[in-house]
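# Structural overview
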Amino acid sequence: KAGVTQTPRYLIKTRGQQVTLSCSPISGHRSVSWYQQTPGQGLQFLFEYFSETQRNKGNFPGRFSGRQFSNSRSEMNVSTLELGDSALYLCASSPRGRETQYFGPGTRLLVL
Amino acid sequence: GESVGLHLPTLSVQEGDNSIINCAYSNSASDYFIWYKQESGKGPQFIIDIRSNMDKRQGQRVTVLLNKTVKHLSLQIAATQPGDSAVYFCAENTGTASKLTFGTGTRLQVTL
């Protein structure tokens, strides 16, 4: 099976802009979770989607949002970008969300 | 996408020696634990997992030990190889939640 794929792999934006990142889970996986990884905070959970519904949410401001489509693909959006949003954004999928999560390669976002 | 930041604890071992990476977890309700390996430019890669009803689980060259009394997890890598050089994360999960809580990570350096 193909692994989790994320696009784009690299992105440069300026403050105030918005960005959309995409994630395609492993075939058959219905749960998609998003994480932010930074040197200062490590890996932090953003949110999880299952069957097109947000099922869990981490402690991030409302500028961070997501959605899931009927084919389980997911997107996350960050509006009004801040310098501190520069990070590696990781997507992980699992069959139902309560098993091992498998990660994609991430999208490296740089906010200038 | 490099894995993590600048101030990770580092374990340096010689090729062929055994490595032990430790992790203290925070939530006594956590019942599922996972070790991930993250190489530079890649997302976290699943190594091994263990449920709270076990105290030891073995894989290929790896063993995970769980001590629920002191909330401690360890990963043992036998006959460490240069390809094992990476950052290792432990992650915890509760059965009722689909989000992972990650430890800060340990950088493993294998010297020849």
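In this report, we go over the structure that sits alongside the text. (Residues numbered from 1 in each chain as written. Chains lettered and ligands numbered in written order. Predicted model: local features only at pLDDT ≥ 70, side-chain atom pairs only at ≥ 80, totals over all residues. Heavy atoms only, no water.)

## Re the interface of chain A and chain B
What counts is decided by this rule: The contact rule is simple, with two residues in contact once any of their heavy atoms fall within 4.5 Å. The term buried area denotes the loss of accessible surface (1.4 Å probe radius) that occurs when two parts are joined, taken as the sum for both partners. By salt bridge we mean one thing: a side-chain nitrogen of Lys or Arg within 4 Å of a carboxyl oxygen of Asp or Glu. What qualifies as a polar contact is a pair of N or O atoms within 3.5 Å, subject to a donor-acceptor requirement within protein and to the restriction that residues adjacent in sequence count only when both atoms come from side chains. Amino acids outside the nonpolar list (Ala, Val, Leu, Ile, Met, Phe, Trp, Tyr, Cys, Pro) and the charged list (Asp, Glu, Lys, Arg) are all regarded as polar, and Gly is one of them.
Listed per partner, the contact involves 23 residues of chain A and 25 residues of chain B. Considering only the side of chain A, the residues that lose the most area to chain B are Leu43(A), Arg98(A) and Phe103(A), jointly responsible for 28% of the buried surface there. Counting across the chain A and chain B interface gives 0 salt bridges. On the surface where chain A and chain B come into contact, there are 6 residue pairs in polar contact (both at pLDDT 80 or more). When its residues are assigned to classes, the side of chain A that touches chain B shows 10 nonpolar, 7 polar and 6 charged.

## Re the state of the cysteines
Stated formally: Count a disulfide wherever a pair of cysteine sulfur atoms falls within 2.5 Å. Think of it this way: any DSSP run of H or I at least four residues long counts as a helix, any run of E at least two long counts as a strand, and we number them from the N terminus. Burial status follows relative accessibility: with a 1.4 Å probe on protein chains alone, a residue under 20% of its type maximum counts as buried, one over 50% as exposed, and anything between as partly exposed.
Under the criterion given, the structure shown has 2 disulfides over all chains. Residue pairing for Cys23(A): its cysteine sulfur links by disulfide to Cys91(A), the two sulfurs lying 1.7 Å apart. The S-S bond linking Cys23(A) to Cys91(A) shows a torsion near -50 degrees; that makes this disulfide left-handed. Remark: Cys91(A) occurs in strand S9 (residues 87-94) and Cys23(A) occurs in strand S3 (residues 19-24); sequence separation between them is 68 residues. Accessibility assignment for this pair places Cys23(A) and Cys91(A) in one class, buried. One disulfide bridge connects Cys23(B) with Cys90(B), the sulfur atoms lying 1.6 Å from each other.

## Let's talk about the pattern of salt bridges
All names here are of chain A. Summed over all chains, the structure comprises 9 salt bridges over all chains. Residues Arg55 and Glu48 are paired through a salt bridge, measuring 2.6 Å at the closest nitrogen-oxygen approach. What makes Arg55 partly exposed here is its relative accessible area of 28%. Among the charged side chains, a network of salt bridges with common partners joins Arg63, Glu82 and Asp85.

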